Amino acid sequence: MPAITLPDGSVRSFDGPVTGTQVAAAIGPGLAKAALAMVVDGQMQDLARTIEADAALRFVTRKDPEALELIRHDAAHVLAEAVQELFPGTQVTIGPSIENGFYYDFARNEPFTPEDFAGIEAKMREIVARNAAFERIVTSRHEAMALFAEKGEKYKVELIQDLPQGETITLYKQGDWIDLCRGPHMRGTGDVGTAFKLMKVAGAYWRGDHRNAMLSRIYGTAWRDQKELDAHLHQLEEAERRDHRKIGKEMDLFHLQEEAVGSVFWHPKGWKLYRNIEAYMRRRLDAAGYQEVKTPQLVDRKLWEASGHWENYRPHMFIATVEDETERERVLAIKPMNCPCHVQIFNHGLRSYRELPMRLAEFGACHRFEPSGALHGIMRVRAFTQDDAHIFCEEHQIAEETARFVALLAGIYRDLGFADFRVKFSDRPEKRAGTEESWDKAEEGLKEACRLAGVEYELNPGEGAFYGPKLEFVLRDAIGRDWQCGTLQVDYVLPERLGAEYVAEDGSRRRPVMLHRAILGSFERFLGILIEQHAGRFPSWMAPVQVVVTTIVSDADDYARKAAAELEKAGVAVSLDLRNEKINRKVVDHIEQRVPVLAVVGRREAEEGTLVLRRLPGREQETMPLADAVALLKAEATPPDLAR
RNA sequence: GCCGGCAUAGCUCAGUGGUAGAGCAACUGAUUCGUAAUCAGUAGGUCCGCGGUUCAAAUCCGCGUGCCGGCACCA
């Protein structure tokens, strides 16, 4: 006699076990039509499942947030059926719903190409039109394995083998097609609707392991209706317009070329942007008690052996040798990190506890041999400059230093236009240096520091640095990809390996703890994200060109020169546009170049000693005396830390 | 690194076996114009590289390089 409690608090009793379909029908025909699935005591299930006992029940309709997940998961099944109908012999593996869509991994000798999409999509629409019911079948491990073995579905057999003992094994059948699946699903393939689109093909390793076979993955997107799909596609186009590689080219900020793969050629405007950010960072670090240093690019192998890099990091290091006979025995490495060098500075002289925490900062140029497939614009490169620093401190100072660091980072991110960021906590990786005790201590210390600093994080197991656990501060680019920028790492290993010590209050020699930390991460990556975040329309203080002064007639050229000179004298990055073009054209060009402010002068302004300011890409104009305009533009071009 | 795609003028792109094209940019000239592209002319190419097939290759095939999308990697 189940009594079913609905979200409005009302209770409905039934004489015996009922299915969700029956409950929905009992409530009303509208709901019966709209319900796609149900949530029973917090667990999403198929509507056709039977409710035996008292329960809280809620129906999922197309309007509910869960509907998207259902639609996408069902779409993955429809895709798999379509593919197997069109390409016999293709094996199915897994096909989950993901952010904005779904994918399915297939095993097939011949990989799919985008040309196959039209045919597959047509077949999918056919399957949706058939509206075959999703039928849930509970089976035994033995039967399930026999079924898929007979079909030649080796990957499914492997999946079943690896399911934990005691796990209920369920199959879902839609028409004649059957798949191993945990569910839940909607009523039938018709519920998927037609607002889906196949997006891309990609290789993907079976079970995400590069030692396994490469499968052929098809990505798709799916939505409630056409309008949502169109909106999503439109958003993707918008994101493409923000791509830092595209904007970098349009604004002439930088380029990359074959002879220096993974290294950025910064052009004058890009470098100006870089320097604006660098100068800002330098001021913030100075104010936060850091001391800036500079350390060598090429360092003897001996130091890397001592630090553990030679053992743990060698494949990623560029090695340098020289022709000179006398130098033959000497092997140098271009530094992939700055930490060992900073320890050398710490070690140079006897340190006292009174000097701690000692914060050594460096805009350190590093080189790492990244796998070719990992390179991405200026966000993943082989040569980059970190805003690196190492804080040498006593153990009891970790918490406070963490709190100070997080506060500094959050303030800087806010100034640079990032109000939101995520924090991940990465603990000990498989390949690591140091003892279990030191890892225990480092992980505990960092967690405790997070508690005290009020930092909330997601766990990221096994992803720490080889010398210590880390916090990762993650920002998202225009295309929705996440990038680690800031980081904070607790390290007991390097001070030990490189023999760092200080004299404690009681006169004994002790090992400092080392905190590795970066806020931007690397300038290259961060500037890439910054470009996308602002779509190239930087706040004036960052912009490489803050104001363009231009003319309507050449009679105003002299006055334009004077105005530009005044602005320059005030420290505003100004450029002059005296081209023999119509003003309309100049406006378009400078909008395209994403100049924040256009100052226009004609005969009238020259006579009256004024400037007409137009904030691009806006249309409004504002006329004011030259001196006022200079003062205003100067104020607007002042970096936020100097304006406070 | 792996799977797939792509590579033509400075940029964006057309050109599927028969004498390399367009728009924009550049350069020259005209035009002096009041806020989203003034007009005309000129010049510009190892069609990514190497090899092969063919009477003939930007085009077909192989190898290499780079880029793009994923996967793996990301101290």
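The name that an unreviewed UniProt entry assigns to chain A is Threonine--tRNA ligase, with the source organism given as Neoroseomonas terrae. The heading Subunit (unreviewed entry) in the UniProt record of chain A holds the text "Homodimer." Recorded in UniProt for chain A, the comment headed Subcellular location (unreviewed entry) runs: "Cytoplasm".

### Some thoughts on the overall build of chain A
Per the secondary structure count, chain A includes 21 helices and 36 strands. When its C-alpha atoms are laid out on the principal axes, chain A stretches across 85 × 75 × 55 Å. When the 644 residues of chain A are sorted by exposure, 52% land in the buried category. Of the contacts formed within chain A by residues at least 6 apart in sequence, a portion of 68% connects residues at least 24 apart. Surface summary for chain A: the accessible area is close to 30900 Å², and the carbon and sulfur share equals 49%.

### A short note on the domain arrangement of chain A
Taken domain by domain, chain A consists of domain 1 (3–60), domain 2 (66–238), domain 3 (255–295 + 337–534) and domain 4 (547–643). Relative placement of domain 1 and domain 4: their C-alpha centres are 67 Å apart.

### Focus on the pairing of strand β34 (residues 597–601)
Within β34, five of the five residues are buried, which leaves the element mostly enclosed by the surrounding structure. Across the two faces of β34 the burial is the same, with V597, A599 and V601 and L598 and V600 all buried. Two elements, strand β32 (residues 547–551) and β34, share five bridges in a ladder whose sense is parallel. Its bridge partner being in β34, V547 is matched across the sheet by V597. As paired elements, β34 and strand β35 (residues 610–615) share four bridges and run antiparallel to each other. From the neighbouring strand, V600 faces β35, where its bridge partner is V612.

### Thoughts on the protein's contact with RNA strand B
Neighbouring RNA strand B are 57 residues, the closest being Y313, R368, S372, N580 and R585. Taking all atoms of RNA strand B within 4 Å of the protein, the share assigned to sugar and phosphate is 56%. Y467 is positioned such that a nitrogen or oxygen atom in its side chain is 3.0 Å from a sugar or linking oxygen of RNA strand B. With respect to RNA strand B, the side chain of E605 contributes an N or O atom lying 2.6 Å from a base nitrogen. Elements that contribute at least two residues to the surface near RNA strand B include exactly β14 (196–205), β15 (214–222), α8 (244–250), β28 (482–491), α18 (583–592), α19 (603–608) and β35. Here the surface near RNA strand B is composed, by residue class, of 24 nonpolar, 15 polar and 18 charged.

### Description of the packing of aromatic side chains
Counted by the stated rule, this structure contains 22 aromatic pairs. Among the aromatic residues, those joined into a ring-pair cluster are F254, W266, W271, Y274, F363 and F523. Between the NZ or CZ atom of R217 and the centre of the ring of Y103, over which it lies, the distance is 3.7 Å. The ring centre of F425 lies 5.4 Å from the NZ or CZ of K447, which sits over that ring.

What counts and how
Residues numbered from 1 in each chain as written. Chains lettered and ligands numbered in written order. Predicted model: local features only at pLDDT ≥ 70, side-chain atom pairs only at ≥ 80, totals over all residues. Heavy atoms only, no water. UniProt positions renumbered as here; feature names shortened; annotations may be inferred. Helix = DSSP H or I, 4+ residues; strand = E, 2+ residues; numbered from the N terminus. Buried < 20%, exposed > 50% of the residue type's maximum accessible area, 1.4 Å probe, protein only. Contact = heavy atoms within 4.5 Å. Areas by Shrake-Rupley, 256 points an atom, 1.4 Å probe, with all protein chains shown as cover. Domains from an automatic or database assignment. Pairing = 2+ DSSP bridges. Near = heavy atom within 4 Å. Polar contact = N/O pair within 3.5 Å; in protein donor to acceptor, adjacent residues only side chain to side chain. Nonpolar A, V, L, I, M, F, W, Y, C, P; charged D, E, K, R; others polar. Phe/Tyr/Trp six-rings, centres within 6.5 Å; stacked < 30°, edge-to-face > 60°. Lys NZ or Arg CZ within 6 Å of the ring centre and 35° of its normal.

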